[in-house]
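# Structural description and commentary
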Amino acid sequence: MGIEDYGGGQTPRADVLVVTTNDVPGHQVTEVIGEVFGLTVRSRHLGSQIGAGLKSMIGGELKGLTKTLVETRNQAMERLVDQARARGANAVLMMRFDVSEAADVGTEVCAYGTAAVINKS
């Protein structure tokens with residue numbers, strides 16, 4: 001995996017802007033639509049779990065698990081944006097991720113924030 005495979009985020013021309021801040025400089029919030037979220041739960045296949053277990057004994061990055069978590073976060077973010085768009089938003093403010101174990105079978109990732117309509121000031 002190259003460095004581009006370890007990140008996420010939006011393209012520069014995204015139609016729904018997602019930010020972790022309360023506001024967007026140079027923009028005014030004209031409507032608050034409400035909470036939106038994107039949720040996904042992923043598990044790893046047995047071979048990857050065994051490999052990660054062996055790697056954890058000797059130390060170092062668990063690259064397979066890292067790749068899975070990146071893919072999972074990106075999928076949760078895509079679902080967040082899809083929900084915001086469907087509700088008429090062009091922005092999501094105060095976006096956050098929540099990550100937890102799901103019944104010892106996978107990792108649950110939730111991306112959430114406040115859907116809003118913003119306009120340039």
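Structural data are supplied above this passage.
Residues numbered from 1 in each chain as written. Predicted model: local features only at pLDDT ≥ 70, side-chain atom pairs only at ≥ 80, totals over all residues. Heavy atoms only, no water.

### Thoughts on the overall build of the protein chain
- Secondary structure summary: the protein chain contains two helices and four strands in total.
- Element order for the protein chain, N to C, with α for helix and β for strand: β-β-α-α-β-β.
- Considering the protein chain as a whole, with its 121 residues, one finds that 27% of them fall into the buried category.
- Taking the contacts inside the protein chain whose residues are at least 6 apart along the sequence as the reference set, 75% of them involve residues at least 24 apart. (Helix = DSSP H or I, 4+ residues; strand = E, 2+ residues; numbered from the N terminus. Buried < 20%, exposed > 50% of the residue type's maximum accessible area, 1.4 Å probe, protein only. Contact = heavy atoms within 4.5 Å.)

### What about helix α2 (residues 63-86)?
- In a regular helix each residue adds 1.5 Å, so 24 residues correspond to 34 Å; α2 covers 35 Å between its end C-alpha atoms and thus fits that length.
- Restricting attention to buried positions, one finds in α2 the residues T68, V70, T72, A76, M77, L80, V81 and A84.
- In this structure, the buried residues of α2 make contact with β1 (17-18), β2 (27-42), β3 (91-102) and β4 (106-120).
- Two residues or fewer after α2 comes G88, characterised by a positive phi angle close to 90°. (Expected span 1.5 Å × (residues − 1).)

### Some details on the layout of surface pockets
- Looking at the second largest pocket, its volume works out to about 200 Å³.
- Residue lining of the second largest pocket: G8, G9, Q10, T11, A14, D15, V16, N74, M77, E78, V81 and R85, and that is the complete set. (1 Å grid on protein atoms, 1.4 Å probe; cavity = no way out; pocket = protein on both sides within 12 Å on 5 of 7 lines; lining within 4 Å. Points joined across faces, edges and corners; volume = space filled by probe spheres on them.)

### Remarks on a nonpolar patch on the surface
- A cluster of nonpolar side chains, F37, L39 and Y112, forms an exposed patch at the surface whose accessible area comes to about 260 Å².
- Along the chain, the position of Y112 falls in strand β4. (Patch = residues over 30% accessible without salt bridge, like charges linked within 9 Å, V, L, I, M, F, W, Y side chains within 5 Å. Areas by Shrake-Rupley, 256 points an atom, 1.4 Å probe, with all protein chains shown as cover. Salt bridge = Lys/Arg side-chain N within 4 Å of Asp/Glu carboxyl O.)

### Some remarks on the sheet that holds β3
- Spatial ordering of the open sheet is given by β1-β3-β4-β2, a layout of four strands whose pairing is mixed. If you trace the sheet from one side to the other, it starts and ends with β1 and β2, each paired once.
- Note that β2 and β4 share 14 bridges and pair antiparallel. Among the inter-strand pairings, V41 is bridged to a residue of β4, identified as E108. (Pairing = 2+ DSSP bridges.)

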